[in-house]
Amino acid sequence: MVPAITVEDPLTLPAVQADPGLRFRRVERIVDAIQTYEGEGFPVRRPFPGLERTVADPFILLDQMGEVQYGVGEAKGAPDHPHRGFETVTYMIDGEFVHRDSTGGGGVIANGDTQWMTAGAGIVHSEMPPDRLIRSGGRFHGVQLWVNLPAAQKWSPPRYQDIAAKSVTLVRSHDGGALVRVIAGDLAGHPGPGVTQTPITYAHVTLLPGSRLELPWRPDFNALVYALGGAGSVGIEGAPLRSGQLAVFGPGEALRIDGGPRQDERSGNFDVLLLGGRPIGEPVVQYGPFVMNTREEILQAIADYQAGRMGSIPATHFGAGPKDAA
């Protein structure tokens, strides 16, 4: 795995460390991701849904897209489709995706960039490979996370954030063996650039073989760690975790993650996603790309989309820079 963004000397970065006396969380279960296909047929590994809603709340879905090496003409994406009632977060680790939406928002996300789209009351968008990737082939590896919105915010205007890789907050473990990229939320007093409607923390961590990361974690947040590549262990008890597995933590005030002493040649390091948020605790009714609170709201979403009330993607679209859509 090629890290999305890195530094030559992690010791130049601020360090995060769990204070003595904090209660470390234990692992309640390990979940194996299912392998499936999305959009036009690109491969994904999906650890949830599949969990009980209350365990992942406020998160709805997590897809690891790829890691795949496309040949000429093989690259695939997700053509025009609607969303309502939540946020989609697309984080590209390696490769490129082109986002377009019905508000005129969008852009190219590549190599450590994040596209944060608040669907809110309704939006139509597409996520497609650029023409050059289709023509020449190349690597494709990213993550898409769906973050639920509380009922009071499900009807908010759609909004788009373009988070460049260079704007991600970088911190390290005490010994410098772990590099943490904070994309959104706050980690030990270090806020990421992503503006979230639902209180969450979202980070990508790379651990060198044999390294350890201990960090404080908000006690009112749940805690999930998903292994993107490599192998290691998590929790105070050192539960083994490998690529394609999700660890669900119990209550506590701190997290521990260890990079395994030996990694395969392809991975090299132990790469994980850190996820946590304050549970919303409201009823969830999901039908495909719509996440609402009642069946009646789902039926309304379907009717609104079919009637064109969520708009359509303009033929003439965005420039290359970030754009917020209101």
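Only a predicted model underlies this, so the values are computations on that prediction, with no experimental measurement involved. (Residues numbered from 1 in each chain as written. Predicted model: local features only at pLDDT ≥ 70, side-chain atom pairs only at ≥ 80, totals over all residues. Heavy atoms only, no water.)

Asks: Can you walk me through the nonpolar core in this structure?
Replies: The nonpolar side chains of soluble globular proteins are, as a tendency, buried together. Counting 32 residues, the largest nonpolar core has Phe48, Leu51, Phe59, Leu62, Leu145, Tyr202 and Leu246 as its most contacted members. Sequence-distant contacts of Leu62, that is, excluding residues within four places in its chain, are made with Arg45, Arg46, Pro47, Phe48, Val143, Gln144, Leu145, Tyr226, Leu273 and Leu275. Listed in part, the 27 residues of the second largest apolar core include Val27, Val234, Ala239 and Leu255. (Core = buried A, V, L, I, M, F, W, Y, C linked by side-chain atoms within 4.5 Å. Buried < 20%, exposed > 50% of the residue type's maximum accessible area, 1.4 Å probe, protein only. Contact = heavy atoms within 4.5 Å.)

Asks: Is there a simple way to explain helix α3 (residues 295-306) in this structure?
Replies: Side chains three or four residues apart in an α-helix point the same way, a direct result of the helix having 3.6 residues per turn. Here α3 spans 17 Å end to end across twelve residues, near enough to the 16 Å set by a 1.5 Å rise per residue. Of all the residues in α3, the buried ones are Glu297, Ile298, Ala301 and Asp304. Relative to the axis of α3, the buried residues are bounded by an arc of 125° and lie together on one face. Looking at α3, the residues exposed on the side facing more than 90 degrees away from the buried face are Arg295, Glu296 and Gln306. (Helix = DSSP H or I, 4+ residues; strand = E, 2+ residues; numbered from the N terminus. Expected span 1.5 Å × (residues − 1). Arc of directions from axis to C-beta.)

Asks: It is not clear to me how the pairing of strand β3 (residues 42-48) should be interpreted in this structure. Could you clarify?
Replies: Moving residue by residue along a regular strand, the side chains alternate between the two faces of the sheet. β3 sits mainly inside the fold: six of its seven residues count as buried. Bridge analysis of strand β2 (residues 34-38) against β3 gives five bridges, and the strand direction is antiparallel. For Thr36, the partnering residue across the bridge sits in β3 and is Val44. Here β2 folds back onto β3 in antiparallel fashion, the turn holding three residues, of which Gly39 has a positive phi close to 55°. Pairing of β3 with strand β4 (residues 59-70) involves three bridges; the strand directions are antiparallel. Its bridge partner lying in β4, Val44 is registered against Met65. (Pairing = 2+ DSSP bridges.)

Asks: Mind showing me how you'd approach the pattern of salt bridges here?
Replies: Between side chains of opposite charge, pairing is possible as soon as their charged atoms come close. Evaluated as defined, the whole model comprises 13 salt bridges. Arg139 is the salt-bridge partner of Asp94, the closest N and O atoms lying 2.5 Å from each other. You can see Asp94 sitting in strand β6 (residues 86-94) and its partner Arg139 sitting in strand β11 (residues 138-148), a full 45 residues away along the chain. Judged by its relative accessible area of 30%, Arg139 falls in the partly exposed class. (Salt bridge = Lys/Arg side-chain N within 4 Å of Asp/Glu carboxyl O.)

Asks: Honestly, the environment of Ala56 in this entry has me stumped. Any pointers?
Replies: By the secondary structure assignment, Ala56 is in helix α1 (residues 53-56). C-alpha of Ala56 to C-alpha of Gly277: the two residues are 221 residues apart in sequence and 8.8 Å apart in space. Excluding residues within four positions of it along the chain, Ala56 makes contact with Phe48, Leu51 and Asn222.

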